[in-house]
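# What the coordinates show
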Amino acid sequence: GEKLLRLTLVEKEKVFGKNHPSTVATMLNLGLLLKEMGNFDLARRQLGYVVQVQSDIYGENDAAVLKTMELIATIHVEQRMYDAALIILKQVLASKLMEFGKNHPDTVGVLETIAEVHMHDKDWENAKDVYMKASYAREERSGKNDPTALNCYNRLGKICEKLEDYNECTLQYKKLLGGTI
């Protein structure tokens, strides 16, 4: 698979040039394949190159660029390089805040990803703080019964269990169950 993608990439660069959408898609696919093969260092380098090319074509705040940056962050998480993942995700968050505002689903999705990175790192306090922000944003935009808000309550409940903050834990689980307990 990798060899074929590399050959395809060489041919597409010859025919279309490196900035053609088809060539960029093949570059991205090669990075994804390398990630799936567990070759994380090469995958990060490949996807970093994709970010550069996408930024040249579309601008650095384009959705495709930000999505590729998020992919790079997931590779850092798989390698337990949490600080590196957080640096990238905070750049993505800053762009999405400027573009969409704090309550947009894309912005809140990045907040939730940041919280998940903190959870992987067992940094429960920061995970709680970030999930709280995400939870408030989900509530403001879609209401307390929205499935994405309910997921936040569930995650917050689990985090509060880890922190042994049982009052907050109970509150989050009550929200999750619609206040029925």
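Just above, that's the structure.
From a predicted model like this one, the values you see are computed outputs, not experimental measurements.

### Some points on the environment of D123
- By the element assignment, D123 lies in the loop between α6 (105-120) and α7 (124-142).
- The exposure class assigned to D123 is partly exposed, which follows from its relative accessible area of 23%.
- Sequence separation between D123 and V65 is 58 residues, and the spatial gap between their C-alpha atoms is 28 Å.

### Brief notes about the side chain of Q46
- Within the secondary structure, Q46 sits in helix α3 (residues 40-58).
- For Q46, a relative accessible area of 13% gives the class buried.
- What Q46 contacts, discounting residues up to four positions off in sequence, is L9, M27, L30, G31 and L34.

### Concerning the packing of α6 against α7
- Two numbers describe how α6 lies on α7: the axes approach to 8 Å, and their chain directions differ by 160°. When the axis of α6 is compared with that of α7, the two are roughly antiparallel. Classified by chirality, the crossing of α7 by α6 is left-handed. Facing P105, V108, G109, L111, E112, I114, A115, E116, H118 and M119 of α6, the residues of α7 in contact are W124, N126, A127, V130, Y131, K133, A134, A137, R138 and R141.
- In terms of residue class, the contact of α6 with α7 is built from twelve nonpolar, three polar and five charged.

### Focus: unusual backbone geometry
- With a phi close to 60°, R80 is a non-glycine residue in the positive phi region.
- Mapped onto the elements, R80 comes out in the loop between α4 (63-78) and α5 (82-100).
- The phi torsion at K122 lies on the positive side, around 60°, for a residue other than glycine.
- Residue placement: K122 occurs in the loop between α6 and α7.
- Owing to a relative accessible area of 59%, K122 belongs among the exposed residues under this scheme.

### Notes on helix α8 (residues 147-162)
- The end-to-end C-alpha distance of α8, which contains 16 residues, comes to 23 Å, matching closely the 22 Å that a straight helix rising 1.5 Å per residue would cover.
- Residues of α8 that are buried make contact with α6, α7 and α9 (166-176).

### Concerning the side chain of K175
- Relative to the assigned elements, K175 resides in helix α9.
- Judged by relative accessible area, K175 falls into the buried class, the value being 19%.
- Residues contacting K175, with those up to four places away along its chain left out, are E139, L150 and Y153.

Cut-offs applied
- Residues numbered from 1 in each chain as written.
- Predicted model: local features only at pLDDT ≥ 70, side-chain atom pairs only at ≥ 80, totals over all residues.
- Heavy atoms only, no water.
- Helix = DSSP H or I, 4+ residues; strand = E, 2+ residues; numbered from the N terminus.
- Buried < 20%, exposed > 50% of the residue type's maximum accessible area, 1.4 Å probe, protein only.
- Contact = heavy atoms within 4.5 Å.
- Axes fitted to C-alpha atoms, helices over the stretch in contact; angles between N-to-C directions.
- Parallel < 35°, antiparallel > 145°, perpendicular 65-115°, else oblique.
- Left-handed = near helix turned anticlockwise from the far one by under 90°.
- Nonpolar A, V, L, I, M, F, W, Y, C, P; charged D, E, K, R; others polar.
- Expected span 1.5 Å × (residues − 1).

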